[in-house]
Amino acid sequence: QLQLVESGGGLVQPGGSLTLSCAVSGFTLNEYCIGWFSQAPVKEREGVSWLSSRTTSYADSVKGRFTISRDNAKNTVYLQMNSLKPEDTAVYYCAASRQTWCIRAASLFTSWGQGTQVNVSS
């Protein structure tokens, strides 16, 4: 049974930093692409960053600000978010797709976490 649990969200000031964690279980991490997605109120869910054993990629809006990484021993994927902007405010979800190359389509991600709220505000 595949499970993903996000943590690390909270309130941060513009320009600040936050690190999100995605603990995964029920599958071998190196066989999957893990994606981070964001969803602001009444907006469509958007892809943020993706990581697999073979590739790392980012949405244009977060390039140079966010870094995705993993700790295989802990079976955890992280999203380090720097230089946060109010526009980054959203619920952030991690999701898993059984592919070693990360095709970005959300429909390919079949397992999702519950989400963690990130608020960027003064």
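From a predicted model like this one, the values you see are computed outputs, not experimental measurements. (Residues numbered from 1 in each chain as written. Predicted model: local features only at pLDDT ≥ 70, side-chain atom pairs only at ≥ 80, totals over all residues. Heavy atoms only, no water.)

Asker: Quick one: what's the story with the environment of Leu18, residue by residue and with numbers?
Answerer: Looking at the element boundaries, Leu18 is found in strand E3 (residues 18–25). For the pair Leu18 and Lys63, spaced 45 residues apart in the sequence, the C-alpha separation amounts to 15 Å. Residues within four places of Leu18 in sequence aside, it is in contact with Gly8, Gly9, Gly10, Leu79, Gln80, Met81, Leu84 and Val118. (Helix = DSSP H or I, 4+ residues; strand = E, 2+ residues; numbered from the N terminus. Contact = heavy atoms within 4.5 Å.)

Asker: For the packing of aromatic side chains, give the residues involved together with the corresponding values.
Answerer: Taken as a whole and judged by the stated rule, the model has five aromatic pairs. When the centroid spacing of 6.2 Å and the interplanar angle of 90 degrees are considered together, the rings of Phe37 and Trp50 count as edge-to-face. Pair noted here: Phe37 is in strand E4 (residues 33–39) and Trp50 is in strand E5 (residues 46–51), with a separation of 13 residues, a long-range link. Pair check on accessibility: Phe37 and Trp50 agree, each one buried. Taking the centre distance of 6.4 Å and the plane angle of 75 degrees together, the rings of Tyr93 and Trp112 count as edge-to-face. One end of the pair, Tyr93, is in strand E9 (residues 90–97); the other, Trp112, is in strand E10 (residues 111–112), with 19 residues separating them in the sequence. The class for Trp112 is partly exposed, based on a relative accessible area of 28%. Joined through ring pairs, the aromatic side chains of Phe37, Trp50, Tyr93, Phe109 and Trp112 make up one cluster. Cation over ring: Arg45 sits above Tyr93, and NZ or CZ is 4.1 Å from the ring centre. (Phe/Tyr/Trp six-rings, centres within 6.5 Å; stacked < 30°, edge-to-face > 60°. Buried < 20%, exposed > 50% of the residue type's maximum accessible area, 1.4 Å probe, protein only. Lys NZ or Arg CZ within 6 Å of the ring centre and 35° of its normal.)

Asker: So what about the environment of Val118? Which residues, and what values?
Answerer: For Val118, the position within the fold is in strand E11 (residues 116–120). Judged by its relative accessible area of 0%, Val118 falls in the buried class. In the structure, Val118 is positioned 103 residues away from Gly15 in sequence and 13 Å away in space, judged by C-alpha atoms. Not counting residues within four places of it along the chain, the set of residues in contact with Val118 comprises Gly9, Gly10, Leu18, Leu20, Met81, Asp88, Thr89, Ala90 and Tyr92.

These figures capture arrangement, not role.
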